[in-house]
Amino acid sequence: MTSLLQPVGWIDLPNELMLDVLSRIEVWDLLVLCPTSRQIYAHCMTRIYRSITLEDIVQLIKCFKAIILHTEAAEAVHNLQILCSPSCPLKSFYAIVHRAIQRLKNLRTLKVHTSCTIFHLFYDMHFPHLSALELEVTPWDDVISFLKHNPMLSTLRIFPIDSISLIIEQSDVGLAPTAPMPPIQMPKLQTFFGPTLLASAIVPGSLTSDISIVWEGSRSTSFSDCLATLVLSKAEIVAVNNYVCTWDCSSLLLAIAHHIPQVQRLQFVNISGSWQQYELFLASVEDSLPSFECLGQLELHSLIPPNAQLFNDDLDAGFRLASRWGEICPSLEIVCFPDDVPWARFHDWIPEAAVEALNHDIGRITIDETTMRQLKWFFAKTLTPASPPSYLGFARYLLGEDGLIAMENAIANLGDLPNFELERGSPMDVLRITFLAQTLT
């Protein structure tokens with residue numbers, strides 16, 4: 001009994017407890033702990049090198065030298081992200097990088113942004129545990145070679161969202177594939193993000209269910225032909241995200257309705273900033289909705305914010321359109337337009353900001369300008385004679401009777417709702433509303 005009460009030394013802790021303690025310590029403190037014992041050193045190296053983000057070349061060189069010198073560091077690396085590119089590299093630099101990456105036998109995820117030259121060193125490497133790859137601009141021969149050496153990826157992202165505009169602008173200089181690719185077998189792939197020709201080579205025979213396609217504007221690839229190959233995935237495709245150069249893509253929408261009517265999440269992102277044909281595209285969406293029997297989420301976005309005159313902060317128009325689309329497609333639960341106001345079906349359609357307020361835990365809700373605009377519209381709409389049937393009950397559930405009376409009095413006295421704060425005291429409480437003093441003066 002006495003032995004059970006004796007203090008346990010640090011190095012006598014079970015591995016699980018020691019790793020849990022080390023996971024709560026900052027990296028700089030772990031470096032101090034490293035020299036204390038071999039056991040602690042090994043655990044600290046695992047914690048320090050598990051996930052690495054390299055943002056400058058000096059940091060990269062130091063890290064890769066440590067990986068070359070210390071087997072524990074090399075074996076610890078699971079996640080590697082390279083966000084820097086050498087300006088005038090020497091041969092010795094590439095030698096260091098090449099030696100280091102050869103030792104990363106436990107690598108799980110790899111992200112290489114901004115540097116074609118660094119990724120070229122990976123092109124013929126095999127990483128037996130690698131499951132996710134994300135790349136920006138890079139030569140296609142290197143991409144194809146790497147994929148053939150690592151066919152067991154489950155996630156592949158080529159041209160992530162922050163580099164798509166660059167790809168489209170420069171697609172005529174060879175940064176996107178220009179000819180059909182031979183099939184590449186990737187039997188475990190589940191999520192794909194990339195250009196059409198790569199998708200057609202990779203998705204058939206895979207387990208891909210979530211697809212994001214960059215439809216290059218200068219290509220003549222048939223929408224229908226490409227989608228016909230995508231449905232050869234062994235898994236049912238439930239999400240299709242389309243990155244397009246124009247809203248003149250009604251034929252793409254019709255092709256999706258024909259080949260993938262079972263899609264549950266559908267998104268269109270205009271990366272060019274052009275708003276020509278937008279109204280016609282909305283009409284095409286309305287015409288196509290009856291074909292989608294399982295569609296639950298439909299989103300229209302633009303990488304470049306729309307002209308204020310196009311939307312004019314008109315939440316009433318968004319409400320009317322979401323309501324009409326919901327009647328046409330009963331499975332639809334979420335709709336988002338390019339003004340980035342998501343609408344959620346809650347009997348009637350309401351701004352998603354109101355739903356998020358309903359689900360908020362204890363404490364004050366952070367309300368930015370966009371959220372405030374949505375909440376003001378919702379509460380003002382609730383107190384009008386033309387309020388949708390479910391709005392009053394939803395608002396009462398949010399604020400309680402006293403909160404609704406406070407809202408009504410504010411509108412009666414000021415003609416409009418002033419800015420306010422919302423706070424929940426306990427999980428079962430309604431939200432408490434406090435009007436900001438500066439808006440009442």
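Look up: the structure comes first, before these words.
Quick summary incoming for the structure in this document. This is a predicted model, so every value here is computed, not measured. Residue numbers here run from 1 along each chain, matching the order of that chain's written sequence. Totals for whole chains, interfaces and linings use all residues, but because this is a predicted model, local features are given only for residues with pLDDT of at least 70 and pairs of side-chain atoms are given and counted only at 80 or more. To get the side-chain values, take all heavy atoms of the structure and skip hydrogens and water.

This paragraph deals with the overall build of the protein. Only DSSP runs of H or I covering at least 4 residues are called helices, and only runs of E covering at least 2 are called strands; the numbering of each starts at the N terminus. Within the protein, the secondary structure is distributed over 18 helices and 16 strands. Only protein chains enter the accessibility calculation, which uses a 1.4 Å probe; a residue is then buried when its area is under 20% of its type maximum, exposed when over 50%, and partly exposed in between. In the protein, buried positions account for 46% of the 441 residues. Residue contacts are counted whenever heavy atoms from the two residues lie within 4.5 Å of one another. For the protein, the share of sequence-separated contacts (at least 6 apart) that also reach a separation of at least 24 residues comes to 63%. Approximately 22000 Å² of the protein is accessible, and the part contributed by carbon and sulfur atoms is 54%. Per-residue and other accessible areas were derived by the Shrake-Rupley procedure at a 1.4 Å probe size, with only the shown protein chains allowed to occlude residues.

Attention shifts here to the sheet that holds strand β15 (residues 420-424). Spatial ordering of the open sheet is given by β14-β15-β16, a layout of three strands whose pairing is antiparallel. Lying at the two open borders of the sheet, with one neighbouring strand each, are β14 (363-364) and β16 (432-435). Pairing geometry for β15 and β16, over four bridges, is antiparallel. The residue of β16 that forms the bridge with Glu423 is Arg432. Here an angle of 0 to 180 degrees is reported between the N-to-C directions of two axes, which are lines fitted to C-alpha atoms, with helices fitted over the stretch in contact. Of the strands in this sheet, β15 and β16 touch helix α18 (residues 391-414), which is tilted by about 20° from β16. At least two DSSP bridges between two strands are needed for those strands to be called paired.

This part is about the packing of helix α11 (residues 223-230) against helix α12 (residues 250-259). For the pair α11 and α12, interaxial distance at closest approach is 9 Å and the crossing angle is 30°. By the criterion of interaxial angle, the relationship of α11 to α12 is roughly parallel. Note that α11 runs across α12; the crossing there is right-handed. The segment α11 lies against α12, with Phe223, Ser224, Leu227 and Ala228 engaging Ser251, Leu252, Ala255, Ile256 and His259. Asp, Glu, Lys and Arg are counted as charged, while Ala, Val, Leu, Ile, Met, Phe, Trp, Tyr, Cys and Pro are counted as nonpolar; the rest, among them Gly, fall into the polar class. Broken down by class, the residue content of the contact of α11 with α12 amounts to six nonpolar, three polar and no charged. Here the word oblique covers every angle except those under 35 degrees (roughly parallel), over 145 (roughly antiparallel) and from 65 to 115 (roughly perpendicular). Throughout, a crossing is termed right-handed when the near helix is turned clockwise from the far one, and left-handed when it is turned anticlockwise from it by less than a right angle.

Any pair of Phe, Tyr and Trp rings, taking the six-membered ring for Trp, is counted once the centres come within 6.5 Å. Such a pair is stacked with planes under 30 degrees apart, edge-to-face with planes over 60 apart, and tilted for the rest. Considering all chains together, one arrives at 24 aromatic pairs under this definition. Ring geometry for Trp343 and Trp377: centres 5.2 Å apart, planes at 90°, overall edge-to-face. With Trp343 in strand β12 (residues 342-346) and Trp377 in helix α17 (residues 369-382), this pair connects stretches of sequence that are 34 residues apart. Ring-pair connections join several aromatic residues into one group, and the members of that group are Phe319, Trp343, Phe346, Trp377, Phe378, Phe379, Tyr391, Phe394, Phe420 and Phe435.

With that settled, consider helix α15 (residues 315-328). Here a helix's expected span is defined as the number of its residues, less one, multiplied by 1.5 Å. Under the 1.5 Å per step criterion, the end-to-end length of α15 is 20 Å for 14 residues, consistent within 8% with the ideal 20 Å. Burial in α15 covers these residues: Leu315, Gly318, Phe319, Leu321, Ala322, Ser323, Trp325 and Gly326.

Let us now look at α18. Every α-helix winds through 3.6 residues per turn, so residues three or four apart in the chain are directed the same way. With 24 residues, α18 extends just 22 Å between its outermost C-alpha atoms, more than 12% less than the 34 Å of an ideal straight helix rising 1.5 Å per residue. Throughout, bend refers to the angle between the axes fitted to the seven residues that end at a position and the seven residues that start at it. Where α18 bends most, at Gly400, the angle is about 105°. Two residues or fewer past α18, Gly415 is found with a positive phi of approximately 85°.

Relative to the elements of secondary structure, His301 occurs in strand β10 (residues 297-302). Polar side-chain contacts of His301 include one of 3.0 Å to the side chain of Asp340. In this structure, His301 is in contact with Trp247, Gln267, Phe268, Val269, Asn270, Cys336, Pro338 and Asp340, ignoring residues within four places of it in sequence. In the analysis that follows, any N or O atom pair within 3.5 Å is treated as a polar contact, provided that within protein one partner can donate a hydrogen and the other can accept it, and provided that, for residues neighboring in sequence, both atoms belong to side chains.

Function cannot be inferred from these measures alone, as they are strictly geometric.
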